[in-house]
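Tertiary structure, described
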Amino acid sequence: MPTEVCTLNIPDSLAREINTANQDFLIELLKRGLYALKIERALDQYARGGISFGAAAEQAGVSQSELARHAYARGMEPPFSAETLAEELS
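Scope of this entry: the structure provided in the associated data block. (Residues numbered from 1 in each chain as written. Predicted model: local features only at pLDDT ≥ 70, side-chain atom pairs only at ≥ 80, totals over all residues. Heavy atoms only, no water.)

1. Focus on the overall build of the protein chain
Secondary structure assignment for the protein chain yields five helices and zero strands. In the protein chain, the order of α-helices and β-strands from amino to carboxyl end is α-α-α-α-α. When burial is assessed residue by residue, the protein chain has 19% of its 90 residues classed as buried. Restricting to contacts in the protein chain with at least 6 residues of sequence separation, those with at least 24 account for 34%. Only carbon and sulfur atoms are counted for the fraction: they give 55% of the accessible area of the protein chain, which is about 7000 Å². (Helix = DSSP H or I, 4+ residues; strand = E, 2+ residues; numbered from the N terminus. Buried < 20%, exposed > 50% of the residue type's maximum accessible area, 1.4 Å probe, protein only. Contact = heavy atoms within 4.5 Å. Areas by Shrake-Rupley, 256 points an atom, 1.4 Å probe, with all protein chains shown as cover.)

2. Thoughts on the packing of aromatic side chains
Tallied over the full model, the rule gives one aromatic pair. Ring geometry for tyrosine 46 and phenylalanine 53: centres 5.1 Å apart, planes at 75 degrees, overall edge-to-face. By relative accessible area, phenylalanine 53 is classed as buried at 4%. (Phe/Tyr/Trp six-rings, centres within 6.5 Å; stacked < 30°, edge-to-face > 60°.)

3. Some details on the pattern of salt bridges
The final tally for this structure, using the stated rule, is three salt bridges. Residue glutamate 66 is joined to arginine 69 by a salt bridge in which the shortest nitrogen-to-oxygen separation is 2.7 Å. With a gap of three residues between them, glutamate 66 and arginine 69 both fall in helix H4 (residues 64-73), about one helical turn apart. (Salt bridge = Lys/Arg side-chain N within 4 Å of Asp/Glu carboxyl O.)

4. Quick notes on the layout of surface pockets
Quantified by volume, the largest pocket comes out at close to 620 Å³. Taken together, 16 residues line the largest pocket, and the ones lying closest to its centre are Cys6, Gln23, Leu26, Ile27 and Leu30. For the lining of the largest pocket, the elements supplying multiple residues, two or more each, are helix H1 (12-19) and helix H2 (23-47). In terms of residues, the lining of the largest pocket owes the most to one element, H2, which gives six residues. By residue class, the composition of the lining of the largest pocket is 12 nonpolar, two polar and two charged. (1 Å grid on protein atoms, 1.4 Å probe; cavity = no way out; pocket = protein on both sides within 12 Å on 5 of 7 lines; lining within 4 Å. Points joined across faces, edges and corners; volume = space filled by probe spheres on them. Nonpolar A, V, L, I, M, F, W, Y, C, P; charged D, E, K, R; others polar.)

5. Thoughts on the nonpolar core
Counting 12 residues, the largest nonpolar core consists of Ile39, Ala42, Leu43, Phe53, Ala56, Ala57, Ala60, Val62, Leu67, Ala68, Ala71 and Met76. Elements supplying a minimum of two residues to this core: H2, helix H3 (53-60) and H4. By residue number, the principal contributor to this core is H3, which donates four residues. Not counting residues within four places of it along the chain, the set of residues in contact with alanine 57 comprises Val62, Ser63, Gln64 and Leu67. (Core = buried A, V, L, I, M, F, W, Y, C linked by side-chain atoms within 4.5 Å.)

6. With respect to a nonpolar patch on the surface
The grouping of Leu8, Ile10 and Leu14 at the surface amounts to a nonpolar patch, some 260 Å² of accessible area in total. By secondary structure assignment, the location of isoleucine 10 is in the segment before H1. (Patch = residues over 30% accessible without salt bridge, like charges linked within 9 Å, V, L, I, M, F, W, Y side chains within 5 Å.)

Spelled out as structure tokens, the structure:
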């Protein structure tokens, strides 16, 4: 997999914590954080009426059923399309 060096300015306390972690842990941390952030932002836009539920799922890079699970966890009632229902039943 190609790699790229990334430089960030972060608070000293966070830097001390990160310096003790290995690279695999940090990569996993970034992947999980990016995944969660994409879902959170997509659900926020959906909740404000800015985009449809399907568009929110696409923006987050997940299926509608996956996004629905996250929506329920936030206390939201997502709409169920035929596609989402089919995914849930499979």
